[in-house]
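Observations on chain architecture
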Amino acid sequence: MFSKRKFIFFCGFIFSLNLQAWWETGHKMVCDKAYELLTPSTIKTIDPLIKELGSFGEACLWADWIKAEERKETRSWHYINLPDSEQNIYKAKCPQNGCLIFSLHEQIAILEDLSSTRQNKKEALWFIGHFIGDIHQPMHVGYPHDRGGNDHLLEFTDGRQTNMHSLWDGQIIEHMEFTHSKNYFPKKVDEKISQFLNVFHSNDIESWAQESRDLAMQPSVGYRDNELEVVTDVYMENHFDIINERIALGAIPVSYTHLRAHETLRYLVCRLLLEK
């Protein structure tokens, strides 16, 4: 029975690869909304670094494009997984092959280093935009035993197979767009950004990860102890607001005027992306 379920899940997973998810819709939203918050002078500085990919939103997808084959060493940079006995992100230790928190700090340091090459600065900018999106997705701060929810198998009420990570990566967003419209999601994110712009948020990268971890542990999510088994429309609709908030809170630190990581891009873009 277990192997049959695995097979059905695998077929459903292969089918889901054609669907947009956080690594596309969500990541682009984070960086495109951040770009809209930039000042004209900052846009002038940042545009040459994203020109080859067409937009900041597209540039923020690059980190996912390269992790499969071209840059396999970066796979572990997209998440930090902790066992249930460890809930404090500030006490977490990254494995030798890296993790999301270490990698985000590292890429910011590269961007801060005036001796960095233009290519390294460009890649650091792309990584930072992507990793800030990742760190605001609760399943990127999940458990190691189920690979951040990838092995927490689920099914929809119509029998389609999925997993907890895919659900939170993009299928809730897809349901939001299906239930309302394509314009509903960006509109709600805009509303959240407006709401949060004048609200203090911690500048600590670790605090963002802690927020995501705490969200993943909420009883309504059903992640802890594999409580959730069947995904209903009501479940997804009850979490629309959280998704919108996480995208908005990801966009703000990537922008020029609002800081959430070592003074993020106001300091980094204006001072550190200059030609040597």
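To start, this report covers the structure provided alongside it. Given the structure is predicted, the values throughout are model-derived calculations rather than measurements. (Residues numbered from 1 in each chain as written. Predicted model: local features only at pLDDT ≥ 70, side-chain atom pairs only at ≥ 80, totals over all residues. Heavy atoms only, no water.)

The next thing to look at is the overall build of the chain. Scanning the chain for helices and strands turns up 13 helices and three strands. The buried share among the 276 residues of the chain stands at 51%. Across the chain, the fraction of contacts at a sequence separation of at least 24, relative to all contacts at a separation of at least 6, is 75%. Element-wise, carbon and sulfur atoms account for 54% of the exposed surface of the chain, whose accessible area totals about 13100 Å². (Helix = DSSP H or I, 4+ residues; strand = E, 2+ residues; numbered from the N terminus. Buried < 20%, exposed > 50% of the residue type's maximum accessible area, 1.4 Å probe, protein only. Contact = heavy atoms within 4.5 Å. Areas by Shrake-Rupley, 256 points an atom, 1.4 Å probe, with all protein chains shown as cover.)

What follows covers the layout of surface pockets. In this structure, the second largest pocket spans a volume of roughly 240 Å³. The wall of the second largest pocket is formed by 12 residues, among which Phe-156, Arg-160, Gln-171, His-175 and Met-236 lie closest to the centre. Those elements that place two or more of their residues in the lining of the second largest pocket are α8 (164–179) and α11 (233–238). Ranked by the residues each element gives to the lining of the second largest pocket, the list is headed by α8, at four residues. (1 Å grid on protein atoms, 1.4 Å probe; cavity = no way out; pocket = protein on both sides within 12 Å on 5 of 7 lines; lining within 4 Å. Points joined across faces, edges and corners; volume = space filled by probe spheres on them.)

Applying the stated criterion to the full structure yields five aromatic pairs. Their ring planes at 20° and their centres at 5.2 Å tell us that Phe-127 and Phe-131 sit as a pair that is stacked. Placement of the pair is Phe-127 and Phe-131 together in helix α7 (residues 118–135), with a separation of four residues, close to one helical turn. Residue Phe-127 is classed as buried on the basis of its relative accessible area, which comes to 1%. Connected via pairs of aromatic rings, a cluster forms that spans Trp-62, Trp-77, Trp-126, Phe-127 and Phe-131. Over the ring of Phe-156 we find Arg-160, and its NZ or CZ is 4.2 Å from the ring centre. (Phe/Tyr/Trp six-rings, centres within 6.5 Å; stacked < 30°, edge-to-face > 60°. Lys NZ or Arg CZ within 6 Å of the ring centre and 35° of its normal.)

Of all the bends in α8, the largest measures some 45° and sits at Gly-170. For α8, the buried fraction is high: 13 of the 16 residues fall into the buried class. One side-chain oxygen of the residue at the start of α8 lies 3.0 Å from the amide nitrogen of His-165, identifying that residue as Asn-163. (Bend = angle between axes of the 7 residues up to and from the residue. Polar contact = N/O pair within 3.5 Å; in protein donor to acceptor, adjacent residues only side chain to side chain.)

In total, this model carries two disulfides according to the counting rule given. Disulfide pairing is shown between Cys-31 and Cys-60; the S-S distance is 2.0 Å. Judged by the sign of its S-S torsion, about -90°, the bond between Cys-31 and Cys-60 is left-handed. Of this pair, Cys-31 sits in helix α2 (residues 22–36) while Cys-60 sits in the loop between α4 (56–59) and α5 (62–66), and the two are 29 residues apart along the sequence. Described in terms of the sequence order of its bonded cysteines, the disulfide pattern of the chain is 1-2, 3-4. (Disulfide = S-S within 2.5 Å.)

Attention now moves to the environment of Asp-84. As for its position among the elements, Asp-84 is in the loop between α5 and α6 (100–112). Counting along the chain gives 141 residues from Asp-84 to Asp-225, while the straight-line C-alpha distance between them is 9.2 Å. For Asp-84, the residues in contact, after removing those within four places along its chain, are Tyr-143, Arg-213, Met-217 and Arg-224. In this structure the side chain of Asp-84 is engaged in a polar contact, spanning 2.8 Å, whose partner is the side chain of Arg-224.

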